[in-house]
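# Survey of secondary and tertiary structure
Listed below are the residues making up each chain.
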Amino acid sequence: MVFLPDHKPPSSEPRQALWFVYQEQKLIIKVKDKTFSIPRSPDLQQLSHAPIRNQYLGALDGQACYAAELPPDVRVPEGWTVRGLRELFGLLEDEIFWLAGRANQLVDWNKSHQFCGRCGNHTENKNDERAKICHQCGLINYPRVSPAIIVAVHKKNHILLAQNKRLRTGNYSVLAGFVEPGETLEDCVKREVFEETSIKVKNIRYFGSQPWPFPNSLMVAFTAEYAGGEVNANEAEIGDVGWFSADNLPSIPPPISIARWLIDWFKNNY
Ligand SMILES: [Zn+2]
């Protein structure tokens, strides 16, 4: 599948467009014979209320794709369901899943930037780019993306894994945290690892990145080597932390996330 992003919708709405419609952060999908599918334009007529606040996403294999919202009090018809994005991994094709994630980010941004944050007037979609503009004071808002680092720290053939208190799964994972204004990604790696575990790292290397639409992160992944210090968990954030060898890993995140790809990288190399 090839997706070409674009902010400008076709002049007339194509009859078979795909609609990624969210109702309070949950995606509306059709279910037939236990198969989940994204509704197309004609399907929307089954809804008792038309989707609102559309954003054009672009074209997937030449098919127009839209993101939109459904007001919270509208009930979906029989044969449809409303599901949180995380629940849909594995139930939708991968490309469709990540496109639904992109739609989630844009719906969230679109909804929370209807008014200017500086002067309070209504905003409008900008014609020449994906942005919202206030014609009163000229303020422009772009879709918000919040960069975060995620890092696999290893000490010879052991990897540093921690249980994050905010996650209810109990899984152990690599360390992660949001980038602060004025910080390089490498500075952020050093700060986060030190704040969470009191150790220092060196040889920080870029690994890859992944959009993480819950609701608008961009995970930038690194590997790093232990450089010094004793592991000491920051109790406000971390339940348990330790060094693990590849043949003795605790429960780790599912294959959807770059956290897991980092752990798999460690397993394959050490
Ligand atoms: Zn304004």
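Numbering of residues begins from 1 in every chain and follows the order in which that chain's sequence is written. A pLDDT threshold of at least 70 governs which residues receive local features in this predicted model, and a stricter bar of 80 or more applies before side-chain atom pairs are shown or counted, although totals over entire chains, interfaces and linings include all residues. Calculated side-chain values reflect all of the structure's heavy atoms, with hydrogen atoms and water omitted.

## Section: unusual backbone geometry
Spelled out, the test is: Helix and strand assignments follow DSSP, with helices taken as H or I runs no shorter than four residues and strands as E runs no shorter than two, numbered in order from the N terminus.
Here the amide bond leading from F214 into P215 is cis, since omega sits at 0°, within 30 degrees of zero. Inspection of the secondary structure puts P215 in the loop between β15 (200-212) and β16 (217-228). Notably, Q25 is not glycine yet its phi reads approximately 65°, a positive angle. Summarising the element assignment, Q25 is placed in the loop between β2 (18-23) and β3 (26-32). Non-glycine residue K34 carries a positive phi angle of around 65°. Residue position: K34 is located in the loop between β3 and β4 (35-37).

## Description of helix α3 (residues 258-269)
Put simply, the rule is: By definition here, a helix of n residues has an expected span of 1.5 Å times n minus one. Only protein chains enter the accessibility calculation, which uses a 1.4 Å probe; a residue is then buried when its area is under 20% of its type maximum, exposed when over 50%, and partly exposed in between. In what follows, residue pairs with any heavy atoms lying within 4.5 Å of each other are defined as contacts.
Here α3 spans 16 Å end to end across 12 residues, near enough to the 16 Å set by a 1.5 Å rise per residue. Within the span of α3, buried status applies to I258, A259, R260, L262, I263 and F266. At its buried positions, α3 is contacted by β11 (146-155), β12 (158-164), β13 (172-173), β15, β16 and β17 (238-245).

## Structural notes on the sheet that holds strand β9 (residues 132-134)
As a reminder, the rule being used: Two strands form a pair only when DSSP identifies at least two bridges running between them.
Across the sheet, three strands lie side by side as β8-β9-β10; this open sheet has antiparallel pairing. Edge positions in the sheet fall to β8 (123-125) and β10 (140-141), since each of these pairs with one other strand and no more. Sheet analysis places β8 next to β9, joined by three bridges and oriented antiparallel. Opposite N125, over in β9, you have K132 as the bridge partner.

## Here we look at the coordination of the zinc ion
We count it as follows: Keep in mind that water is not among the atoms, so a site may look incomplete; donors are the N, O and S atoms within 2.8 Å of the metal, or 3.2 Å for Na, K and Ca.
Protein coordination at the zinc ion: the donors are C116 (SG), C119 (SG), C134 (SG) and C137 (SG), at 2.3 Å from the metal. Taken in chain order, the donor set of the zinc ion reads C-x2-C-x14-C-x2-C. Of this pair, C119 sits in the loop between α1 (94-112) and β8 while C137 sits in the loop between β9 and β10, and the two are 18 residues apart along the sequence.

## Observations regarding the nonpolar core
Rule in force here: Put simply, a nonpolar core is a bunch of buried Ala, Val, Leu, Ile, Met, Phe, Trp, Tyr and Cys residues held in one set by side-chain atoms that sit within 4.5 Å of each other.
Residues F20, L27 and V174 are the most contacted members of the largest nonpolar core, which totals 41 residues. In terms of residue count, the dominant contributor to this core is α1 (eight residues).

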